[in-house]
Each structure stands twice: as C-alpha cells, then as structure tokens.
Amino acid sequence: MADLTPNPDRPGLLVSKPSPNAPATGSAVCHCGATATATGDSQVKALVEGYTANHGPAHRKGGGRR
C-alpha cells in the first residue's frame, strides 16, 4: 500500500483511528506550507475543522495555489 502521509509535494489531510478504543491521529500539510499534527479524537476533529476552514479547500475558494 502506498504511503498516504501528506507532504509538501502531496499536500492534504490524513486521519487514522485503527480501532474504536484507540485515539485518533491526524496530520495535515497545506499548499501554503502550513503543517499540523494532532492526537486524540477531539484534537483531530479540531485539526480537520481548521484545515477545512483555513487551508486546503479554503485556498481553492479564494483563488489560491492548487
């Protein structure tokens, strides 16, 4: 299986929760160079919300780099 971890060449968002009892983990890399990681369900939820609102898809709405 390919490595799906976001990096500067392939920006994006990756979230993992291997089992219901394990904490979620997440990482994000944006076109603008911003990076973030999170561990724990609530922290990962905040990471996803922040990335969606301020990076990734939000940059496309404003005409930013793709």
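Position labels on residues start from 1 in each chain and follow its written sequence. Totals for whole chains, interfaces and linings use every residue, but because this is a predicted model, local features are given only for residues with pLDDT of at least 70 and side-chain atom pairs only at 80 or more, for both listing and counting. Side-chain descriptors were evaluated using all non-hydrogen atoms of the structure, hydrogens and water having been removed beforehand.

1. Topic: the side chain of S27
Relative to the assigned elements, S27 resides in strand 2 (residues 25-29). We call a residue buried when its accessible area falls under 20% of the maximum for its residue type, exposed when it is over 50%, and partly exposed in between, using a 1.4 Å probe and counting protein chains only. Residue S27 is classed as buried on the basis of its relative accessible area of 15%. Contacts are residue-level and defined by heavy atoms, with any inter-residue pair within 4.5 Å sufficient. Setting aside residues up to four positions removed in sequence, S27 forms contacts with T5, P6, G12, L13, L14, A36, T37 and L47. Helix and strand assignments follow DSSP, with helices taken as H or I runs no shorter than four residues and strands as E runs no shorter than two, numbered in order from the N terminus.

2. Comments concerning the nonpolar core
Burial of nonpolar side chains together is a common tendency in soluble globular proteins. Counting residues in each nonpolar core, the largest one holds 7 residues, listed as A24, A28, C30, A38, V44, L47 and Y51. Here this core takes 3 residues from helix 1 (residues 41-54), the largest share from any one element. Those residues in contact with C30, other than ones at most four positions away along the chain, are P11, Y51, H55, G56 and H59. In this description, a nonpolar core means a group of buried Ala, Val, Leu, Ile, Met, Phe, Trp, Tyr and Cys residues linked to one another through side-chain atoms lying within 4.5 Å.

3. Let's talk about the pairing of strand 2
Among the 5 residues that make up strand 2, 4 are buried, leaving the element largely enclosed by the rest of the structure. Following DSSP output, two strands are said to pair if at least two bridges run between them. With 5 bridges connecting them, strand 1 (residues 12-16) and strand 2 associate as antiparallel partners. Across the sheet, G12 pairs through a bridge with V29, a residue of strand 2. As paired elements, strand 2 and strand 3 (residues 35-39) share 5 bridges and run antiparallel to each other. Bridging across to strand 3, T25 finds its partner in T39. Between the antiparallel neighbours strand 2 and strand 3 lie 5 residues, among them G33 with a positive phi of about 105 degrees.

4. Notes on the environment of Q43
Looking at the secondary structure, you find Q43 in helix 1. In sequence terms Q43 and A24 are 19 residues apart; their C-alpha atoms lie 8.5 Å from each other.

5. Observations concerning the sheet that holds strand 2
The strands making up a sheet associate through backbone hydrogen bonding, with each pair oriented either parallel or antiparallel. Strand order in the open sheet formed by 3 strands is 1-2-3, with antiparallel pairing between adjacent strands. Of all strands in the sheet, those bounded by a partner on one side alone are strand 1 and strand 3. Neighbour to neighbour, the strand axes of the sheet diverge by 5 degrees on average, direction disregarded. Orientation is described by lines fitted to C-alpha atoms, with helices fitted over the stretch in contact, and by angles between N-to-C directions that extend from 0 to 180 degrees.

The values reported here are purely geometric and, on their own, carry no functional implication.
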